[in-house]
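Listed below, chain by chain, are the residues.
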Amino acid sequence: MPIVLYKHLDYFSHLTSLSRKKNNKEEVPLKKRRAYMVDVCFSVYPYAKLLALLLATILLIGFGGLALYAVNKNSFAEALWLSWTFVADSGNHADTEGIGPRIVSVSISSGGMLIFAMMLGLVSDAISEKVDSLRKGKSEVIERNHILILGWSDKLGSLLKQLAIANKSVGGGVVVVLAERDKEEMEIDIAKLEFDFMVSKARAIIVLASDENADQSDAHALRVVLSLTGVKEGLRGHVVVEMSDLDNEPLVKLVGGELIETVVAHDVIGRLMIQCALQPGLAQIWEDILGFENAEFYTKRWPQLDGLRFENVLISFPDAIPCGIKVAADGGKINLNPDDKYVIKEGDEVLVIAEDDDTYAPSAIPEVCAGLCPNTVEPPKYPEKILFCGWRRDIDDMILVLEARMPLGSELWMFNEVPEKEREKKLTDGGLDISRLENIKLVHREGNAVIRRHLESLPLETFDSILILADESLEDSVVHSDFRSLATLLLIRDIQSKRLPYKETKPTSLRLSAFSHSSWIHEMQQASDKSIIISEILDSRTRNLVSVSRISDYVLSNELVSMALAMVAEDKQINRVLEELFAEEGNEMCIKPAELYLYDQEELCFYDIMLRGRQRWEVVIGYRLANTERAIINPSQKSAVRKWSLDDVFVIISISE
């Protein structure tokens, strides 16, 4: 009966329309309107399907009961009960006798099978939707003391690895990632990843830069910071924001206030490349200190050290190297490489380099007889010649850093595809006044760094350092950028090898002639054919390819940025330390030859070397022995006496000259 009525709805609608005026607008047929209403009901109300199924069941039982009452002698209540049994169990009609009752019972049983099939489908769909919701990460995450990462980039894998290592000593931790990607896609790269978050309870929040250009990425970071500042419950931890452009950093700090710690990835890598170009081997040391796998920075309060001077605190840790003080009276400001006479006060914390935050503790001050440093004076710096291959968007900042660090008379050659007139405009727009450069002279050459004949036009064998930059035009393509850097590296090395006759007659580099026993630096120079080659690598997987090419030094951009983000997420105060060490003024990390601290074959313990370093206002944090591959930061057994060679070198923190 309902089906018959539905089929003739249009006919009834047509009859009613005959009474309307001819100038009325044409109306939608009644059947279509009813169907539309049903569609809207099913799409808007989540329980509409269940209610429709219940109504169909009631109608089937009701009409079936009427039919059974008509063909049987039973009462109407008994007929309704029989109708329900036929709907619930289709096998109950087998005992029915008579043609009429059998036809009715078969019809009711068939309708019952259809009803239960539909019910099964609804239950299955509901379970599937719930499972899909769980798979997509739409369930609530109830965590505390976790780290929240907002955004997704190719740095995430390295960042999670560093955070896992950092939290290993406390039994592990929880990291929550919120990104504009499906959870199933993220799980392809990460084994398990939960999707929702609790912002207010996070111990630290990391906002990653997106894969867009610098301005769009920083605009996205600014929107995220704005949304975080509006959290009703407030933020329990600090927010670490990865910025792409140094010029956008003040705006994010203005919006976020004291809770925001920024790491300008491009600026950090640019400054690090310059440090590595001027100090061969520094890249490996920075990898060790920034990563949580070896020695890294920690701050902790030690009440038993109150009243001691820093020169005594320096040798109070057998398993760590103190290198600064977090001064409580100065608002928690970290004083890196403080004066020896500084007295530890109540509330002060000691900044150390240690393997982990639970692997060190102060002990009794050992008896040390350091003696005096040799009366060796560091020679003055000589002019250098550096080549930049490629164009970075912050190249103006790199030029300013070089201007502050390089001696008078140095040359900076810039080789890229940007026209010379356009270069000057870009440098000026970036805030660089070329006319005020005193120490370095800019030499412009235009060409493609992957075309051999363009590179052959350069005097490659005469440069003290060559920096192969990830070109601005290829920043969005990690694979393409790394391929270009490697191609440029191999071409430069091949061209240099063809010019061996010139190299053999070339006088020793002024940088190398400063000390007679700088064998490590000499080896590094020889490995890259008398020029220190620094190649900016965006993908850590390219590490093996770089080592095969026998490059003298290299920088893993994304790897180092991930390490810095993880370290600042664990302790926001470390950002002040990194900012000072990367800046052109203040303290810096550098490598010094052994002849500044000892005599050849002199027997000393590492504590002796540390105290001799204090005579030069330096903090000695490690060493590299002659003919060994890697430097040792925070060595163990500091009180053990050993013979030292003038071919050894020491890693120190000192005031930049």
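Residues numbered from 1 in each chain as written. Predicted model: local features only at pLDDT ≥ 70, side-chain atom pairs only at ≥ 80, totals over all residues. Heavy atoms only, no water.

**Here we look at the pattern of salt bridges**
Enumeration over the complete set of coordinates arrives at 24 salt bridges. Between Arg614 and Asp340 there is a salt bridge, with its nearest N and O atoms 2.7 Å apart. Of this pair, Arg614 sits in helix 23 (residues 606-614) while Asp340 is found in the loop between strand 8 (333-336) and strand 9 (349-354), placing the two residues 274 residues apart along the sequence. What makes Arg614 buried here is its relative accessible area of 6%. Of the charged contacts in the structure, one is a salt bridge between Arg452 and Asp494, with a shortest N-O distance of 2.7 Å. Taken as a pair, Arg452 in helix 16 (residues 452-456) and Asp494 in helix 17 (residues 478-498) lie far apart in primary sequence, 42 residues in all. Accessibility expressed as a relative area gives 29% for Arg452, which makes it partly exposed. Three or more residues are tied together by salt bridges with common partners; here these are Arg452, Glu456, Asp494 and Lys498. (Salt bridge = Lys/Arg side-chain N within 4 Å of Asp/Glu carboxyl O. Helix = DSSP H or I, 4+ residues; strand = E, 2+ residues; numbered from the N terminus. Buried < 20%, exposed > 50% of the residue type's maximum accessible area, 1.4 Å probe, protein only.)

**Digging into the packing of aromatic side chains**
For the structure on display, the rule yields 9 aromatic pairs. A ring pair is formed by Trp302 and Phe317, whose centres lie 6.0 Å apart and whose planes are at 65 degrees; its orientation type is edge-to-face. In this pair, Trp302 sits in the loop between strand 6 (296-301) and helix 13 (310-313) while Phe317 sits in the loop between helix 13 and strand 7 (320-327), placing the two residues 15 residues apart along the sequence. Residues Phe606 and Tyr623 carry aromatic rings whose centres are separated by 5.9 Å and whose planes lie at 50 degrees to one another, so their mutual orientation is tilted. Linking Phe606 in helix 23 with Tyr623 in strand 18 (residues 618-624), this pair joins segments that are 17 residues apart in sequence. For the pair Phe606 and Tyr623, one class covers both residues: buried. (Phe/Tyr/Trp six-rings, centres within 6.5 Å; stacked < 30°, edge-to-face > 60°.)

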